[in-house]
Structures are given as C-alpha cells and as structure tokens.
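What the coordinates show
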Amino acid sequence: MSGQKKVRVGIVGYGHLGQYLVDRLLNEGSWSHHELVFVWNRDLKKMDEKVPAQLQLHDLSEFRERQADLIVEVAHPCITREYGERFLSTSHFMVGSPTALADRATEQSLRKAVALHQNTLYIPRGALWGGEDIQKMADRGTLKGLKITMTKHPSSFKLEGRLWDLNQEVKSKRTVLYEGPVRDLCPLAPNNVNTMAAACMAAHNLGFDGVLGALVADPSLPDWHVVDIEVVGPVDKESGHTFTVNTSRRNPAMPSAVTGTATFSSFWSSLLACTGHGGCVHLC
C-alpha cells in the first residue's frame, strides 16, 4: 500500500464546504493517498493565510497546469456550465452543485465529454438517503415515482425570483414555497436543492422533469434541515399493492446555514470514493 499512487485533487470553491475539504486533504491526505494540488476561489483574499501560496490557483482557466486527477467543484452551478467539459477533458470531475445539470444542454455536453474522454462525472449524494437503491430501481425500470421534500428555516434558503419574494413573507407559519418538477426549481434555488438534483441523476428513468420536489420554509426549525423522500415502485399484480419507501433525514445545521452538518462528512466520503469507475456518470 505504501507505493500506491496518490490521487491529485483540485478544489474549486473555498466556502464552508470547500474549506472543510481542503483542511481534510491537507491534514489527512497522506494516509488516504490524496494530494491537494490546487485551490481556486473567486475571492482570492479568502484564501490568505489559510491555503499555502503554492496551492492557490489565481486563474481557473490554468487548471490543466496542475495536472489534477480529480477536480471537485463546491462553488456555484455556473462553474460546471462554463468549465465542466474542460475539466472532464483532463480529469475526473465531481460536481458539488448538480443543480447545474438541470440545464439540458449542460447535462448533454458533460455526458458527451464523459464518453469522449473516458473520465467519470461524479455526483455526490450529499443529503440524499438511499440514492444507490433509487438508482438500482431506475436501472431496472421499476422506479415509478420519486418526491423529495426539503424543509428548512427561511434563513437557510438562498433563493431567486418569486421564491425569494415568497420566502421573505414567511414569519411564523410553515409555508410551502414550491411543489413541482425539480427542473423548474433548480434555477430558483441553485444552492439549496443539490440533493434533489442528485436524486434526479440517480432516478435517470424519471429525470429532472419526472422527479417532484417540494421546498418548505418552517420558522420552527432554526437548527435542522429535514429531507423527506417518497419512493414509488411497481404494483403487485396479485394483491394490487404498490411498493413504497418513505424516509426522513433530520440533519443538524447551524442557524442560517445552507449546508447541514452531516453533509460535510458525506462529501468527504464521496471524494474518497472517486476512484475511476471507467468513464461514466456515477453516484458517489
């Protein structure tokens, strides 16, 4: 094991999640056989005295010079739209903001890049519980329905357009901000519904149009993020009963935090699972 080749990792984004991953790579990369080779952030000053100068990448378009084996985006969906194809031309790519894939052109271009360059597009499960089981049902064609409801304190949402307006009006009453196809929700809540986007990629037979999402603002939940998942499978021909699975994930979260506490360690586990997989789209 001592001669195992290290995986060279580039981190794009230095917010709370990016900082967490960078710290773990710097402190634990040697035993996990990972080497941090660059960190990029739109605001370079945020890395001052935190990221070694030699690891700071000032111009993201120069990422190729660092020869990363794996690039991890934890910044904003716009990064995947602009750089995703280019990242996949040289390395595996873990897209931490899979809401970017709700854009049909972006998803198609990345799938083409995966096939062309035989690198893997990794979709981290984040707060998605049972993602592998959902994907297996989708593979077999037995997944008939999927709905994900995310409930958070109003201050934990970063919303756009009409959802921002609705959220501002929430004072004391639990309020459903949105319920419908996930594709239409992603542009309105790009930072909050990555779990739903990951579910759409797992539930590939339903996709962004077939998976339903509900966003709920609840002032009584200052330090929790709740994700409820409803899975519908086939109907038993003899009994007429429908296969269903319902799970509820309660993730502790700091007040006003966009990302729950348990999601940080989930992303680290996802990063460690990015080991090749032969050039495909892979839930990790």
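Structural notes, computed from the coordinates. (Residues numbered from 1 in each chain as written. Predicted model: local features only at pLDDT ≥ 70, side-chain atom pairs only at ≥ 80, totals over all residues. Heavy atoms only, no water.)

1. Considering the packing of helix α2 (residues 77-90) against helix α3 (residues 104-117)
With their axes 8 Å apart at the nearest point, α2 and α3 run at an angle of 5° to one another. In terms of orientation, α2 lies roughly parallel with respect to α3. Taken together, the residues of α3 that come into contact with α2 (itself represented by Thr-80, Arg-81, Gly-84, Glu-85, Leu-88 and Ser-89) are Thr-106, Ser-109, Leu-110, Ala-113, Val-114 and His-117. (Axes fitted to C-alpha atoms, helices over the stretch in contact; angles between N-to-C directions. Helix = DSSP H or I, 4+ residues; strand = E, 2+ residues; numbered from the N terminus. Parallel < 35°, antiparallel > 145°, perpendicular 65-115°, else oblique. Contact = heavy atoms within 4.5 Å.)

2. A look at the packing of helix α1 (residues 16-32) against helix α9 (residues 261-272)
Remark: α1 packs on α9, axes separated minimally by 10 Å, with the N-to-C direction vectors making an angle of 50°. In terms of axis orientation, α1 runs oblique to α9. By crossing handedness, the relation of α1 to α9 is classed as right-handed. Residues His-16, Leu-17, Tyr-20, Leu-21, Arg-24, Leu-25, Glu-28 and Ser-32 of α1 pack against Phe-264, Ser-265, Phe-267, Trp-268, Leu-271 and Leu-272 of α9. Partitioned by chemical class, the residues of the contact of α1 with α9 number nine nonpolar, three polar and two charged. (Left-handed = near helix turned anticlockwise from the far one by under 90°. Nonpolar A, V, L, I, M, F, W, Y, C, P; charged D, E, K, R; others polar.)

3. Let's talk about the sheet that holds strand β3 (residues 70-73)
Pairing within the open sheet is parallel, and its six strands lie in the order β2-β1-β3-β4-β5-β11. The strands lining the two open edges of the sheet, one partner per strand, are β2 (34-40) and β11 (281-283). Between one strand and the next, the sheet's axes are offset by a mean angle of 25°, whatever the strand orientation. Looking at chain direction, strand β1 (residues 7-12) and β3 are connected through four bridges and run parallel. Bridge assignment links Ile-11 to a residue of β3, and that residue is Val-72. (Pairing = 2+ DSSP bridges.)

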